[in-house]
Amino acid sequence: VLFSWGFLGMEKLVACPYKRPNALCRLICFPWAGGGTSQLAQWGKLFSSSIEVSSVRLPGRESRLKEPFAKDMTTLVNEITSVLLEELQEKPFAFFGHSFGSYISFAVALHLKEKYGLEPIHLFVSGAHAPNSEAFLPIKSTSICDREDEEILTYIKILGGTPSEFLQNEDLKKHLILTFREDIRVLQTFSFEKAERNIPFSCDITCFSGSEDKPHDLEAWHDLTSGDISFYKLPGGHFYLLEPSNEIFLTKHITRCIENAGL
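Cut-offs used in this document
As a convention, each chain's residues are numbered from 1 in the sequence order in which they are written. Residues qualify for local features only when their pLDDT is at least 70, as the model is predicted, and side-chain atom pairs are given and counted only at 80 or more; totals for whole chains, interfaces and linings, by contrast, use all residues. With hydrogens and water excluded, all non-hydrogen atoms of the structure serve as input to the side-chain values. Under the DSSP-based scheme used, a helix requires at least four consecutive residues in state H or I and a strand at least two consecutive residues in state E, with every element numbered from the N terminus. Each residue is assigned to one of three classes by its accessible area relative to the maximum for its type, calculated with a 1.4 Å probe on protein chains only: buried under 20%, partly exposed between the two thresholds, exposed over 50%. Contacts between residues were defined by any pair of non-hydrogen atoms, one from each residue, lying within 4.5 Å. Strand pairing requires that DSSP identify at least two bridges connecting the strands. Interaxial angle, 0 to 180 degrees, is taken between N-to-C directions of lines fitted to C-alpha atoms, where a helix line uses only the stretch in contact. pLDDT expresses, on a scale from 0 to 100, how confident the predictor is about each individual residue. These descriptions rest on fixed angle ranges, namely under 35 degrees for roughly parallel, over 145 for roughly antiparallel, 65 to 115 for roughly perpendicular, and the rest for oblique. Three residue categories are used. Nonpolar comprises Ala, Val, Leu, Ile, Met, Phe, Trp, Tyr, Cys and Pro, charged comprises Asp, Glu, Lys and Arg, and polar comprises the others, including Gly.

For Leu-112, the location among the structural elements is in helix H4 (residues 100-116). Residue classification places Leu-112 among the buried positions, given a relative accessible area of 0%. On a C-alpha basis, the gap between Leu-112 and Leu-88 in space is 9.4 Å, while along the polypeptide they are 24 residues apart. Contacts of Leu-112, omitting those with residues within four sequence positions, involve Thr-81, Leu-85, Leu-88, Phe-93, Phe-95, Gly-117 and Leu-118.

Spelled out as C-alpha cells, the structure:
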C-alpha cells in the first residue's frame, strides 16, 4: 500500500515523460510563477541517458487543477519533500529552478539538508535574486491581492513566456492570472534568515539569467554555499531559457556540471 501511495503521489507531483531508470542522476526542475510542467519536462529529450529530467507539478494546475493551491511555502516544501524523499535518497540529484521555481528549489534543498542531511550535487538557479539578498524583500511586500487582474495580466505579458493562445482564451487567461497570484502569495510566505556563520550548502551553484532581464542580485549566493558559484548571462529577457539556442546551452552546461560532479 505504501508503495502505491508513493507511486500515486509521484505521478501526481512529478512529470517525467522521458523515464530513464538507469540514469546516474536525476535533474528535478521547478517551474516559474503561473507555470506548469510542459516546458521543463520536455528537456528530458535533450539530455543524455545519464540524466533523468522531471518537473514538479504544483497544486492548482494541469492534472492537479481541482486541488486547492498551496497555502504557504512550508506546506509546499513539505509536500514536495515527502513525495520525492525516497527517490532522492537512492541516487544523486540536482535541482533547476526558474524565477519563482528558483526560490522553491532553494527552500526544498534547504529542508532536505536540515532535516535529512541530503543535498543536491548541484543547484541551478535562473532569473531570480539570491533568497538572502535585500533585492528579494520588495517581492515580499508587494500587495498582490490588491492588484487588478488587468495589472497582473500586463505584468505577465511583459515577462513573456506565455503562449499567446493562452491569453486569447478567457478561461485559460483567468486561470493563469489566478495561478500567478497564488504562486506569488506563496512566495511571500517564504522567509530565509541566514544564521551567522552557518553556510547551509556545500554544493556548487550556477546562476543563469537573461541579458535583457532586469538585473538580479546574485552576489549573496556566495554566502549560501562553501562550493563554487558561477554566473552565466544568456541572450534574451526573463524567459531567455525558452529560446532553442539557449536551451541547448543550458542542457549542455548542466550535463557538464553534473558529469564533473564525479558520480
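And the narrative resumes.
It is worth spelling out the sheet that holds strand S7 (residues 229-234) at this point. The sheet built from 7 strands is open, its strands ordered S1-S3-S2-S4-S5-S6-S7 with mixed pairing. Each having just a single partner strand, strand S1 (14-15) and S7 make up the two edges of the open sheet. Pairing analysis gives 2 bridges linking S1 to strand S3 (residues 51-56), with the strands arranged antiparallel. By the bridge assignment for S3, Ala-15 is matched with Ser-55. Lying on the sheet, H4 is in contact with strand S2 (25-30), strand S4 (93-98) and strand S5 (122-126); it crosses S4 at an angle near 150°. In this fold helix H9 (residues 244-259) packs onto S2, S3, S4, S5, strand S6 (204-210) and S7, with an angle of close to 175° to the strand it touches most, S6.

Another point: the confidence of the model for the protein. Of all residues in the protein, 95% have pLDDT values of 70 or greater, and the mean over the chain is 89. Scored below 50 in pLDDT, residues 1-5 shows 0 contacts in the model against residues more than four places distant or in partner chains.

As a further point, take the packing of helix H6 (residues 149-159) against helix H8 (residues 170-188). Two elements in contact, H6 and H8, have axes separated by 10 Å at closest approach and are oriented at 85°. In terms of orientation, H6 lies roughly perpendicular with respect to H8. Between H6 and H8, the contacting residues are Asp-149, Ile-152, Leu-153, Tyr-155, Ile-156 and Leu-159 on the first element and Lys-173, Leu-176, Ile-177, Phe-180 and Arg-181 on the second. Of the residues belonging to the contact of H6 with H8, the class tally is 8 nonpolar, no polar and 3 charged.

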